[in-house]
Amino acid sequence: MTTETDAQGKKQQQVHRAREVLTADKAREIFQLKSCKQLMEKKNAASTALGIKYGVSSKTIRDIWKGRTWLEATYDLWNEADRPTRGATRRPQESCAANRRSQ
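Residues numbered from 1 in each chain as written. Predicted model: local features only at pLDDT ≥ 70, side-chain atom pairs only at ≥ 80, totals over all residues. Heavy atoms only, no water.

Q: Could you clarify how one ought to interpret the overall build of the chain in this entry?
A: Of regular secondary structure, the chain possesses six helices and two strands. Secondary structure elements of the chain occur, N-terminal to C-terminal, as β-β-α-α-α-α-α-α. In the chain, which comprises 103 residues, the proportion classed as buried is 23%. (Helix = DSSP H or I, 4+ residues; strand = E, 2+ residues; numbered from the N terminus. Buried < 20%, exposed > 50% of the residue type's maximum accessible area, 1.4 Å probe, protein only.)

This is the structure we're talking about:
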């Protein structure tokens, strides 16, 4: 824990939570929860609650839902509506090392 001083000179403590390391299975679980309509009505609240449950930030949850992260683990779960609109819109490629070997 660290201590910082706010604008009025009062000391405030910041609590640092330990973060979990996600696995591919957990990323798949999170992605599948995207199809739950009740969760999607309040995305920010849902991502915050799931972040606490899985020990990650709410941004990590939203990044999985948007296809920004864990593409390799979730690609087979996508439908056309799930595919990211920006960034990687194709199937994730093999590692760079595998591509270099084939050249």
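Q: Got a minute to help me understand helix α3 (residues 43-54) in this structure?
A: Because the α-helix completes a turn every 3.6 residues, residues three or four places apart line up on one side. Taking 1.5 Å per residue as the helical rise, α3 with its twelve residues ought to reach 16 Å, and the 16 Å between its terminal C-alpha atoms agrees with that figure. Among the residues making up α3, those that are buried are Ala-46, Ser-47, Leu-50, Gly-51 and Tyr-54. Taken end-on, α3 shows its buried residues confined to a sector of 135°, consistent with a single buried face. Opposite the buried face of α3, by more than 90 degrees, sit the exposed residues Asn-44 and Ile-52. Where the residues of α3 are buried, they touch α1 (24-32), α2 (37-40) and α4 (58-66). Positive backbone phi, at 75°, marks Gly-55, one or two positions downstream of α3. (Expected span 1.5 Å × (residues − 1). Arc of directions from axis to C-beta. Contact = heavy atoms within 4.5 Å.)

Q: What am I meant to see in the pattern of salt bridges here?
A: A side chain of one charge can pair with a side chain of the opposite charge if their charged atoms are brought near each other. Inspection of the entire model under this criterion finds three salt bridges. Here Asp-63 ties to Arg-68 by a salt bridge, and the two come within 3.2 Å at their closest N and O atoms. By relative accessible area, Asp-63 is classed as buried at 11%. The exposure class of Arg-68 is partly exposed, given its relative accessible area of 47%. Through salt bridges with shared partners, a single ionic network connects Lys-59, Asp-63 and Arg-68. (Salt bridge = Lys/Arg side-chain N within 4 Å of Asp/Glu carboxyl O.)

Q: What's the story with the packing of α1 against α4 in this structure? I'm lost.
A: Relative placement of two packed helices is described by the angle separating their axes and the distance separating the axes. Axis separation between α1 and α4 bottoms out at 9 Å; the angle between their running directions is 75°. Compared by their axis directions, α1 and α4 come out roughly perpendicular. Contact residues: α1 offers Ala-27, Ile-30 and Phe-31, while α4 offers Ile-61, Ile-64 and Trp-65. By residue class, the composition of the contact of α1 with α4 is six nonpolar, no polar and no charged. (Axes fitted to C-alpha atoms, helices over the stretch in contact; angles between N-to-C directions. Parallel < 35°, antiparallel > 145°, perpendicular 65-115°, else oblique. Nonpolar A, V, L, I, M, F, W, Y, C, P; charged D, E, K, R; others polar.)

Q: Looking at this structure, how should I read the environment of Lys-53?
A: As for its placement among the helices and strands, Lys-53 is situated in helix α3. Of the residues examined, Lys-53 reaches a relative accessible area of 61% and is grouped as exposed.

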